[in-house]
Amino acid sequence: MNKSVFLGTLAATTMLAGLASAATLDDVKARGELICGVNTGLVGFAAPDANGNWQGFDVAICKAVAAAVLGDASKVKYVPTTGETRFTALASGEVDLLARNSTWTFTRDVDLKFTFIGVNYYDGQGFMVRKDLGVSSAKELDGATVCIQTGTTTELNLADFFKANNMTYQPVTIQSNAEGEQQYLAGACDAYTTDASGLAATRAVFADPENHIILPEIISKEPLGPLVRQGDDQWADIARWTLNALVAAEEYGVTSANVEELSKGTSNPEINRLLGSEGDLGAMLGLDKDWAKRAIAASGNYGEIFAANIGESTPIGLARGLNAQWTQGGLMYSPPFR
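Here is what the cut-offs are and how they apply
Residues numbered from 1 in each chain as written. Predicted model: local features only at pLDDT ≥ 70, side-chain atom pairs only at ≥ 80, totals over all residues. Heavy atoms only, no water. Axes fitted to C-alpha atoms, helices over the stretch in contact; angles between N-to-C directions. Helix = DSSP H or I, 4+ residues; strand = E, 2+ residues; numbered from the N terminus. Parallel < 35°, antiparallel > 145°, perpendicular 65-115°, else oblique. Contact = heavy atoms within 4.5 Å. Nonpolar A, V, L, I, M, F, W, Y, C, P; charged D, E, K, R; others polar. Buried < 20%, exposed > 50% of the residue type's maximum accessible area, 1.4 Å probe, protein only. Lys, Arg positive; Asp, Glu negative; His and termini not counted. Salt bridge = Lys/Arg side-chain N within 4 Å of Asp/Glu carboxyl O. Disulfide = S-S within 2.5 Å. Phe/Tyr/Trp six-rings, centres within 6.5 Å; stacked < 30°, edge-to-face > 60°. Lys NZ or Arg CZ within 6 Å of the ring centre and 35° of its normal. Pairing = 2+ DSSP bridges.

Draft legend 1. Structural detail: the packing of helix H2 (residues 24-31) against helix H9 (residues 233-252). For the pair H2 and H9, the least separation of the axes is 7 Å and the interaxial angle reads 70°. When the axis of H2 is compared with that of H9, the two are roughly perpendicular. Judged by residue contacts, Thr24, Leu25 and Val28 of H2 engage Gln234, Trp235 and Ile238 from H9. In terms of residue class, the contact of H2 with H9 is built from 4 nonpolar, 2 polar and no charged.

So, in structure tokens, the structure goes:
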């Protein structure tokens, strides 16, 4: 996408954001359904299974918010969005929450008038190539054709990386990960670039994943997280503290298996406040005292969600790395529940 078209899209999206309703909680309750914007299909993060049921790391955030607000994790309508359509869908009110591996940036936060509710995956941009290309470093890609999604931070990062290393490249623009996978496998590009987690998820579904390698260079910071429209602080707080509840639950040892028992009361006041047996934090959000208990029960705590969808025991095989709890040397932690 050229710069003038991209800036025009930003301007249009900014205007749409100002038109969005600020009463999202009331809308969701009246509708009886959370409308969640997700990826068009990225296995492990957001994709429908064989029965058409959406599953994945980002999908779990949608389910947790629905459970917290509506009391039922299944009360979610999933709206697939591309890199170009996702922000318009959120700004226009087509979706209530966008949980689609989106990078938290200055312009998206300030100019597009969105509120990122936190980071659910710390990532960085990488490159994938066929093993038989004979390349072991991204710095060997001078003159390469590169598949890249439009409307994403990866476009500028790619241009900056090649310029900084005095290299040239030919972009092959794509609209979705599915198209990128097809183009890459068809040989339309030498390399595919996107978030490293996305590359791992894409490679995992190949018939011959062992013949494709993710190069060692990580060329950007990509803090990925869910977001909502600005101007609705209550809704932003609900989404933010639902994510925080999942992260805190892992730290405190609260799981989908023991949350019901622990909600009866423990010797840890932080757990008690989180699960509603002490105080009434839910009322401050406009919810009941069991909101966080239901959110955790929906798909488990943050660690359970990570392990089940994208962890080392899955075909995607991602290590926790920066996404480990702060007590384990990672960056994941929740502000206190008090």
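Draft legend 2. Expanded view of the environment of Pro226. Examined against the element boundaries, Pro226 turns out to sit in the loop between strand E13 (222-224) and strand E14 (227-229). C-alpha of Pro226 to C-alpha of Gly118: the two residues are 108 residues apart in sequence and 6.8 Å apart in space. With near-sequence residues (within four places) excluded, Pro226 lies in contact with Ile61, Leu97, Leu98, Ala99, Thr115, Phe116, Ile117, Gly118, Asn120 and Leu243.

Draft legend 3. Main features of the side chain of Arg130. Along the chain, Arg130 falls in strand E8 (residues 125-130). Here Arg130 sits buried without a salt bridge, and the closest side chain of opposite charge, Asp132, lies 5.4 Å off (N-O distance). Excluding its chain neighbours within four sequence positions, the residues that come into contact with Arg130 are Tyr184, Leu185, Gly187, Cys189, Asp190, Asn211 and His212.

Draft legend 4. Fine view of the state of the cysteines. A complete count under the given rule lists 2 disulfides for this structure. Bridging Cys36 to Cys62, the disulfide has an S-S length of 2.1 Å. Linking Cys36 and Cys62, the disulfide has an S-S dihedral of approximately -70° and is accordingly described as left-handed. Taken as a pair, Cys36 in strand E1 (residues 34-39) and Cys62 in helix H3 (residues 57-70) lie far apart in primary sequence, 26 residues in all. Bridging Cys147 to Cys189, the disulfide has an S-S length of 2.0 Å.

Draft legend 5. Geometry of the packing of aromatic side chains. All chains considered together, the criterion is met by 16 aromatic pairs. Plain terms: the ring middles of Phe57 and Tyr302 are 5.8 Å apart, the flat faces sit at 75° to each other, and that makes the pair edge-to-face. Of this pair, Phe57 sits in helix H3 while Tyr302 sits in helix H14 (residues 302-309), and the two are 245 residues apart along the sequence. Taken as a pair, Phe57 and Tyr302 share a single burial class, namely buried. Every member of this aromatic cluster is reached through a ring pair, and the members are Phe45, Phe57, Tyr121, Tyr302 and Phe306. The ring of Tyr184 has Arg130 sitting right over it, with the charged end atom 4.4 Å from the ring centre. Just above the ring of Phe306 sits the side chain of Arg320; from NZ or CZ to the centre is 5.1 Å.

Draft legend 6. Spatial organisation of the sheet that holds E8. The mixed open sheet is built from 5 strands, whose spatial order is E10-E9-E11-E8-E12. The open sheet is flanked by strand E10 (169-174) and strand E12 (212-214), the only strands paired with a single partner. Here the average twist between neighbouring strands, direction ignored, is 30°. Of the pairings in the sheet, the one linking E8 to E12 comprises 3 bridges and is antiparallel in character. In the sheet register, Val129 faces E12, and the bridge partner there is Ile213. On top of the sheet, helix H6 (residues 154-164) reaches E8, strand E9 (144-149), E10 and strand E11 (191-195); it is set at about 155° to E9, its chief contact. Across the sheet, helix H8 (residues 196-204) is in contact with E8, E11 and E12; its angle to E11 comes to roughly 125°.

Draft legend 7. Spotlight on the pairing of E1. Burial of E1 is extensive: 6 of the 6 residues sit out of reach of the surface. Taken together, the 2 bridges between E1 and strand E5 (residues 97-98) define a ladder with parallel strand orientation. Each residue of the ladder has a partner; that of Gly37, found in E5, is Leu98.

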